Structures are given as structure tokens and as C-alpha cells.
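Each chain is listed here by its residues.
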Amino acid sequence: MFQSAYLNDLMARVVARNAGEPEFHQAVREVLESLEPVLARHPEYVESGVLERLVEPERIIKFRVPWVNDEGRVVVNRGFRVQFNSAIGPYKGGLRFHPSVYEGIIKFLGFEQVFKNSLTGLPIGGGKGGSDFDPKGKSEGEVMRFCQSFMTELYKYIGKDEDVPAGDIGVGGREIGYLYGQYKRITGLYEGVLTGKGLTYGGSLARKEATGYGLCYFTDAMLRDAGKSFAGARVIISGSGNVAIYACEKATELGAMVVAMSDSNGYIVDEDGIDLAALKEIKEVRRGRIREYLKDHPKATYTEGCRGIFTVPCDIALPSATQNEIDEASAEALVRGGTYAVAEGANMPSTPEAIEVFRRAGVLFAPAKASNAGGVATSALEMTQNSERLSWTFDEVDRKLKGIMENIYHNAAATAKEYGMEGNLVAGANIAGFLKVADAMMAQGVV
Ligand code: NDP
Ligand code: 2IT
């Protein structure tokens, strides 16, 4: 329940108009809760219908993706692109390939992306897409044919100044390559229509590392403000994909010991610190399962079930797998285990009840749309390099990324303080992200 009757009514309409999409409702509710004090100060946003427009995507594209598997059978998946908001730039956001994908997941991700992209300070609007295709267990040929079919429909709606997709769960360098090849083949355009590209065809150095590194830069700024640091800290990271791997790399470089990581089947604990070279070999090269880590690390342990990782005692937790992976019970387990900081690498990994547990326990909490913005920020830097037809060095991109993440932290912290909620980065990030988009929407009239 909100204090404002207007927000109660708006939320009820969002739920009714988007029935059966709980993740989308959750994302919208959290933002609206943060905006309550803003609307009290700025009735003009209500009068201009900014919020009604913000919760409705500008466009939703939904399409059939037919392809032929290795047995010669026709398989039909569903493709989506939600072009959520273009007030401050072309639609920008990743593509997720995972069997759990449906419209509600893409809408929640697209909605979050609008505010995240605003926080980066760069000119990018919000969008998200994907498919219920499961790349797991598929051959190279199957993945390629699926990507080609997906792009054969998607290409009609995207372009370097229109909508620029990238990776997310199940979409990494390999998939981006196949998607890019098909876009170029159909349109004849060699343009920066996707980010996360390979380095030989327009990709940016440090994009692969950016989300994980950026998460650690943000967390480092938050910890330092509280008189703490990664040095000597015990860290757990859920997931073992793109975000988790490079969060592990940077946290370790900053002096932390990462003792546990997971995949959707289970988690490993290595009290000597995760051997990242071995994990990369399993996950990035062989596309294997995390339990294979035990073969060469007999002292490590593997436990079935991915949620158990949050019972491993740690100082800092970096959830970097998927939405709602930390529920109330997991949050309580973390607090019991001594966790004093949680920074979200994944999108919306903590349920509202979990966030409430952290708040009550005084845990430093970095919300996803601020702390994982380094990936999309570096995607925007890739777009800039593509427009310039130049490529910057790794250090140049990494330095800019660090500056952007520190800036997001200070902006979110200062905004929270300005609205009388010092230390509440959820509110600070939501409000700061909202203000830029709302002002741009007001300036552009009712569109
Ligand atoms: P990857 O596909 O590279 O890795 C995903 C990891 O999370 C894998 O270890 C996977 O395990 C695990 N995982 C996925 N779904 C589930 C599930 N339902 N339950 C338990 N574990 C699961 O994806 P990314 O690392 O790119 O993305 C991880 C998170 O970070 C997502 O929330 C994404 O939206 C977010 N993110 C990604 C960005 C990027 O640049 N890539 C940028 C900002 C946010 P398994 O292999 O067993 O499926
Ligand atoms: O959730 C995200 O911010 C991403 N998956 C990255 C999007 C991008 O366009 O790089």
C-alpha cells in the first residue's frame, strides 16, 4: 500500500493491465514506492501523466522463431523485444535466452533498464528482449540457426540509432556473433547495431569484464564510505556466468577472498579461494557444470541446489545469477552468517522481503539498477567507439567505467540524502534514475 491514493490506483491498474506478470509488478512497485516523496515535491509529474506513460512500454514486439534442430525437426520458440522508453536515447538493453523467458520477464527487465541506463549518465533509452530458447545442451549449429532465425525477424525493428541489443543470460559473445552476422547479411549494413561484439568486428575491450568489474567498483565506493573495504573480506558470488566470473576476478584483485560460487544446479565452496582460471576453463571454454571443479580441487566441496550458497558465512555477498534468488530465508541466513554488504550483480536478485531483512539488519545494500550498470555503460562506450570508427585501449575503457560507477554511487547516495533517506541506495537510485527520464519526457511533450 502507498500513502498516495494516486499511486495505489496506478499500481492497481498496472496489475490489472499486466495480469500474470508478477516480476513486472514487483519492479514497478519498488520504483513507485521510492517515488512517493518525489511526487509530493513535484506534482507536475503527475499532472503530465509521466508515470502512466513510464509504466507502459512504447512498443512490444513478439514473434515466432522457427528453426531446424540436428535431428531435422522443426522447433518453434518465441521471441520478444520490449522497447520500453526512448526519452533519453535509443532503446538499449540485452537479450536473454532462457526457458523461463516470457513477456513478464522481459517487461520487468526493460523497465529496470530505463532507470539503470539513465543512471549511467549516457544517452541510452531502455529496452530488453529475448526468447524461451534454451542454449544449454544445443550444438553449435543449432545455436547458430536459432540466432539466425531470431535476427531474421528482429532486424526490422533495430538499428544503431534506434535500438541496440546486447547480451544477458544465455547470450554471450558467441550468440552476439551469429546475430551480428545475420543482421549484416540481411541489411548490408556494417553498423554498431549490437554491443558485446567480438574484438575483431567492432567490440570494445573491457565489455566482457564490465558488469562484474563495475559491480566491484560500485561496491568498493560503497564500502569505503562506510569505512570498510574488499581487502581481507570473505565473499560469496552466486552464478558462474559472465557477471559472476568477472566480479570474482575484480574482487580478488581488490584483496578479497571469494570462497563460493554456483550455477543453477548447485554451489562450490573452496576455502583456499576460488581458482578462477579453472572456473573459466569449465564455464567459458567447456560450457560445463560447476561441480566439475572438484575433479582438480579435491579439498573443495559441492552441494546440490543453488539456494544453499547463501548459507555460506561471508562478509560480502554479490548475487549474480538471476531474479528473486535471495528470498527472506536466504537473506536471514546471510545476516546470521555475518554479511555486512550485499551488492546485486544480477537484475532484481533480492525479493522485497529480503531487502527488508537487509534494511532492518543495517546491511549495506547496493541495488541492481545502480550496481550492475557497468555492463550497459560500457555498451554505450562501445557504441561511441563504433560511431567514431576507433577503438580505445583496455585501460581507457576501464578507467571510464570506474569513473561512471563511482559517479552512480555518489549520485544515488546524494539523492537519497536529499530526500531524507540517507543510506537508502534503493530509493536514491530509483529517484535519480527517474528524474532525468521524467524531465526529458516533460520537455518532449505528450508522446
Ligand atoms: P550468464 O548466462 O553468463 O550466466 C548466468 C549464471 O546464472 C549461470 O551461472 C547460470 O547457471 C545462473 N542462472 C541462470 N538462471 C538461473 C536460475 N533460474 N536459477 C539459478 N541460477 C541461474 O548470464 P550473465 O552472467 O550475463 O547474467 C547474470 C545476471 O546478471 C542476470 O540477472 C542478468 O540479467 C544480469 N546482468 C547481466 C549483464 C551482462 O552484461 N551480461 C549486465 C547487467 C546485469 P546455469 O549455467 O546453470 O544456467
Ligand atoms: O541488464 C543489463 O544491463 C544487460 N544485460 C546489459 C545490457 C547492454 O545493453 O549491455
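The following paragraphs examine the structure supplied in this document. (Residues numbered from 1 in each chain as written. Chains lettered and ligands numbered in written order. Predicted model: local features only at pLDDT ≥ 70, side-chain atom pairs only at ≥ 80, totals over all residues. Heavy atoms only, no water.)

## A closer look at the pairing of strand β6 (residues 234-238)
Short version of the rule: The buried label applies to any residue whose accessible area, calculated with a 1.4 Å probe on protein chains only, is under 20% of its type's maximum; exposed applies above 50%, and partly exposed to all values in between. Under the scheme used here, helices are H or I runs from DSSP no shorter than 4 residues and strands are E runs no shorter than 2 residues, and both carry numbers assigned from the N terminus. Whether two strands pair comes down to DSSP finding at least two bridges between them. By convention a crossover is right-handed if, when the strands point away from the viewer, the path from the first strand over the helix to the second runs clockwise.
Within β6, four of the five residues are buried, which leaves it mostly tucked inside the rest of the structure. Of the pairings in the sheet, the one linking β6 to strand β7 (residues 257-262) comprises four bridges and is parallel in character. By the bridge assignment for β7, I237 is matched with M261. For the handedness criterion, the β-α-β arrangement of β6, helix α9 (residues 242-253) and β7 is classed as right-handed. Where β6 lies against strand β10 (residues 316-319), four bridges are found, and the strand directions are parallel. In the strand pairing of β10, I236 is matched with A317.

## Structural notes on the sheet that holds strand β1 (residues 59-68)
Strands belonging to one sheet form pairs held by backbone hydrogen bonds; the direction of such a pair is parallel or antiparallel. The condition that has to hold: In this analysis an axis means a line fitted to C-alpha atoms, helices contributing only their contacting stretch, and an angle means the value between N-to-C directions, from 0 to 180 degrees. Contact definition: two residues touch when any of their heavy atoms are within 4.5 Å.
The sheet built from five strands is open, its strands ordered β1-β2-β4-β3-β5 with mixed pairing. In the strand order of this sheet, the two ends are held by β1 and β5 (163-166), each with one partner. Here the average twist between neighbouring strands, direction ignored, is 20 degrees. With four bridges connecting them, strand β3 (residues 91-97) and β5 associate as parallel partners. The partner of Y91 across the bridge, within β5, is D163. Contacts between helix α5 (residues 103-119) and the sheet are confined to β1, β2 (74-85), β3 and β4 (125-131), with β4 contributing the most and set at about 155 degrees to the helix.

## Some points on unusual backbone geometry
The residue A206 is not glycine, and still its phi comes out positive at about 75 degrees. With respect to the helices and strands, the residue A206 is situated in the loop between α7 (173-187) and α8 (207-225). The backbone of R287 shows a phi angle near 50 degrees, a positive value even though the residue is not glycine. Locating R287 in the fold gives a position in the loop between α10 (276-285) and β9 (301-304). Residue class for R287 comes out partly exposed when judged on its relative accessible area of 48%.

## Brief notes about a nonpolar patch on the surface
Cut-off, in case you're wondering: Here the term patch refers to residues with relative accessible area over 30% and no salt bridge, with like charges joined within 9 Å and nonpolar side chains (Val, Leu, Ile, Met, Phe, Trp, Tyr) within 5 Å. We get accessible surface area from the Shrake-Rupley algorithm with a probe of 1.4 Å; when it comes to residues, only the shown protein chains can shield them. When a carboxyl oxygen of Asp or Glu is within 4 Å of a side-chain nitrogen of Lys or Arg, the pair counts as a salt bridge.
Side chains of V68, V74 and V76 sit close together on the surface and give an oily, nonpolar patch of about 260 Å² of accessible area. As for its position among the elements, V76 is in strand β2. On the basis of relative accessible area, V76 is assigned to the exposed category, the value being 52%.

## Focus: the site of ligand 2
This is how it is decided: We call a residue near a molecule or strand whenever a single non-hydrogen atom of that residue lies within 4 Å of it. Within 3.5 Å is the distance limit for a polar contact, defined as a pair of N or O atoms, with the added protein rule that one can donate a hydrogen and the other accept it, and that residues adjacent in sequence qualify only through two side-chain atoms.
K92, K116, D168, R207 and S379 are the nearest of the 14 residues found near ligand 2. For ligand 2, a nitrogen atom lies 3.0 Å from a polar atom in the backbone of G167. Here an oxygen atom of ligand 2 sits 3.0 Å away from a polar atom, N or O, in the side chain of R207. For the shell around ligand 2, the secondary-structure elements that each account for two or more residues are β3, α5 and α14 (374-388).

## Considering the sheet that holds β10
Pairing within the open sheet is mixed, and its seven strands lie in the order β9-β8-β7-β6-β10-β11-β12. Each edge of the open sheet carries a strand with a single partner, namely β9 and β12 (364-366). Neighbour to neighbour, the strand axes of the sheet diverge by 15 degrees on average, direction disregarded. In this structure, strand β8 (residues 266-269) lies alongside β9, joined through four bridges in antiparallel fashion.

## Topic: the packing of aromatic side chains
As a reminder, the rule being used: To pair, rings of Phe, Tyr and Trp, with the six-membered ring standing in for Trp, must have centres within 6.5 Å; the planes then decide the type, stacked if under 30 degrees apart, edge-to-face if over 60, and tilted in the middle. Placement of a positive charge over a ring is assigned whenever Lys NZ or Arg CZ falls within 6 Å of the ring centre and within 35 degrees of the normal to the ring plane.
All chains considered together, the criterion is met by 19 aromatic pairs. A centroid spacing of 6.0 Å and a plane angle of 90 degrees characterise the contact between F24 and F111, whose relative ring orientation is edge-to-face. With a gap of 87 residues between them, F24 in helix α2 (residues 22-41) and F111 in helix α5 connect regions that are remote in the sequence. In textbook terms, an aromatic cluster arises when at least three aromatic residues are bridged by ring pairs, as seen for F63, W67, F97, F133, F146 and F150. Its end group placed over the ring of Y217, K402 keeps NZ or CZ at 6.0 Å from the ring centre.

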